[in-house]
Amino acid sequence: MVTIHDVAKRAGVSIATVSNVINNSNKVAKGTAERVKKAIYELNYIPNNVAKGLKMNSTRTIGILAEDISAFSSPDIIDGICEQCERSDYQINLANLRVNNKVNQNSEDMYRDLAEDKEFRKGIQDGQNTLLSARISALIYIGVHPRDVSGLLPQIYIPMVYTYCYAKNPASSKAQNINYDDFQGAKLAVEYLIKRGHSKIAIIGGVINSYSTHRRMMGYQTALMEHSLPLRPEYITTGNWMFESGYEQMNKLIQLSDPPTAVFVMNDLMSYGAIAACKEHNINVPNDISIHGYDNQESAPFVTPPLTTIALPLHRMGVMAAKSAIDMVEHRNMDQTTEASVLIPCHHVIRSSVR
């Protein structure tokens, strides 16, 4: 393996000079720096960033512990983290817990059940230890579903950021939660339906013990209240985030004696099921009934009709999570007035499923 000694010998300089060139120091004359860079290129020398970090007491590496990189939300968040780390001259180190392959999708409280599983908790600790052994400067935990993950991670001494989840009791004394605003997104959706002339607006919710379900329900209720529209119990239905439940709940709504003219569905996957139910009954979307989704999944523009929905600020969450982590590492902007939790607004994506 090529060492810094080999580079110094090839370039005919001291090890300290090579180190100064690697660290972009202005102490080295231009000609000498070019000779060192040429030697690095010719020898294909790769600096030992961990050893360098130990010497400087910072590896400039952000660890990412993702519950599942296959979750629809994870890639954009990770891309945002990578973008900010690249901009700030930090590296990343990622571990994947593969939650979606371990959770029981038929359980009413799937994530609590998983959190109590000894094998899963060992997997979390192993993933965290793998990252800590690489001397990361901070840790970002990415959830697969917004919920309180307090207690999942053992206590650590480095800064920590939770995103697409939160911790009321974080695993670090320096911690922050970075998430999107479920309430604001739902209110935005229902207000749009009202502005389009709808007053009979139903809702297909997610599982009843979900943080997102509660926040989106609050947004739905607040929008109705602020526009003096009644909250009709028969218009409130509950699914489980899956296609089939959207289909089943939509069947119930269209069979009411006074059916709604619009339905706010709490995620895109259930929206697709709702559209399928309408097609089966020869009900045209959006002319006969409008459907509004939530999430803006990649498939949303390609259903028929293309789905009007709420987009989550996933990339921005990643950027802000990385920025927060780096700020804590470098002791910037972290005082007693710093918010423990930050909510980023969602935005509207208007397509063709709303009349």
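All residue numbers here refer to positions counted from 1 along the written sequence of the relevant chain. A pLDDT threshold of at least 70 governs which residues receive local features in this predicted model, and a stricter bar of 80 or more applies before side-chain atom pairs are shown or counted, although totals over entire chains, interfaces and linings include all residues. Computation of side-chain values covers all heavy atoms of the structure but excludes hydrogens and water.

Undergrad: Quick one: what's the story with the sheet that holds strand β3 (residues 138-142), residue by residue and with numbers?
TA: Should DSSP find at least two bridges between two strands, the strands are taken to pair. Secondary structure elements are taken from DSSP: a helix is a run of H or I of four residues or more, a strand is a run of E of two residues or more, and numbering for both begins at the N terminus. Reading across from one edge, β2-β1-β3-β4-β5-β11 is the order of the six strands in this open sheet, with parallel pairing throughout. Pairing within the sheet leaves two strands with one partner each, and these edge strands are β2 (91-96) and β11 (341-344). Recorded for the sheet is a direction-independent mean angle of 20° between the axes of neighbouring strands. Bridge count between strand β5 (residues 175-180) and β11: four bridges; the pairing is parallel. Looking across to β11, one finds that asparagine 177 is bridged to serine 341. Helix axes are fitted to C-alpha atoms over the stretch in contact, other axes to C-alpha atoms as well, and angles between N-to-C directions run from 0 to 180 degrees.

Undergrad: An account of the packing of helix α1 (residues 4-11) against helix α2 (residues 15-22) is requested, with residue identities and associated values reported.
TA: For the pair α1 and α2, the least separation of the axes is 9 Å and the interaxial angle reads 100°. Taken together, the axes of α1 and α2 lie roughly perpendicular to each other. On α2, the residues that touch Ile4, His5, Val7 and Ala8 of α1 are Ile15, Val18, Ser19 and Ile22. Tallied by class, the residues present in the contact of α1 with α2 amount to six nonpolar, two polar and no charged. Each angle is binned into one of four classes, with values under 35 degrees roughly parallel, values over 145 roughly antiparallel, values of 65 to 115 roughly perpendicular, and all other values oblique. What makes two residues a contact is simply this: any of their non-hydrogen atoms within 4.5 Å. Gly is placed with the polar residues, together with every amino acid not listed as nonpolar (Ala, Val, Leu, Ile, Met, Phe, Trp, Tyr, Cys and Pro) or charged (Asp, Glu, Lys and Arg).

Undergrad: Outline the nonpolar core, supporting the account with residue identities and numerical values.
TA: Counting 68 residues, the largest nonpolar core has Ile140, Tyr220, Met250, Phe264 and Ile291 as the members making the most contacts within it. Considering every element that reaches this core, the biggest residue donor is helix α12 (residues 314-329), with eight residues. Take the buried residues of types Ala, Val, Leu, Ile, Met, Phe, Trp, Tyr and Cys, join any two whose side-chain atoms come within 4.5 Å, and each joined set is a nonpolar core. For the exposure calls, accessible area comes from a 1.4 Å probe over protein chains only, and a residue counts as buried if that area is under 20% of its type's maximum, exposed if over 50%, partly exposed in between. Counting 26 residues, the second-largest nonpolar core is a separate cluster that includes Ala71, Ala95, Val144 and Leu152.

Undergrad: I'd like a rundown of the packing of aromatic side chains, residues and numbers included.
TA: Put simply, two rings from Phe, Tyr or Trp (the six-membered ring, in Trp's case) pair if the centres are within 6.5 Å, and we call them stacked under 30 degrees between planes, edge-to-face over 60, tilted for the rest. Counted under the stated rule, the structure contains four aromatic pairs. Each ring, one from tyrosine 166 and one from tyrosine 211, has its centre 5.1 Å from the other, and the planes form 50°; the classification is tilted. On the criterion of sequence distance, the pair formed by tyrosine 166 in the loop between β4 (160-163) and β5 and tyrosine 211 in helix α9 (residues 211-226) is long-range, its members being 45 residues apart. Residue tyrosine 211 is classed as partly exposed on the basis of its relative accessible area of 33%. Arranged with centres 6.2 Å apart and planes meeting at 55°, the rings of phenylalanine 264 and tyrosine 294 form a pair that is tilted. Here phenylalanine 264 is found in strand β8 (residues 262-265), whereas its partner tyrosine 294 is found in the loop between β9 (290-292) and β10 (309-311), with 30 residues between them in sequence. Assessed through its relative accessible area of 0%, tyrosine 294 is described here as buried.

Undergrad: Describe the sheet that holds β9, naming the residues involved and giving the relevant values.
TA: Remark on secondary structure: sheet strands pair via backbone hydrogen bonds, oriented parallel or antiparallel. Reading across from one edge, β7-β6-β8-β9 is the order of the four strands in this open sheet, with parallel pairing throughout. Strand pairing shows two members of the sheet lacking a second neighbour, β7 (236-238) and β9, which therefore form its edges. On average, each strand axis in the sheet is inclined to that of its neighbour by 20°, with strand direction left out of account. In terms of strand pairing, strand β6 (residues 201-205) meets β8 through four bridges, oriented parallel. For alanine 202, the partnering residue across the bridge sits in β8 and is valine 263. Sheet contacts for α9: β6, β7 and β8; angle to β6, the most-contacted strand, approximately 175°. Along the sheet, helix α11 (residues 268-280) contacts β6, β8 and β9; its crossing angle with β9, the most-contacted strand, is approximately 165°.

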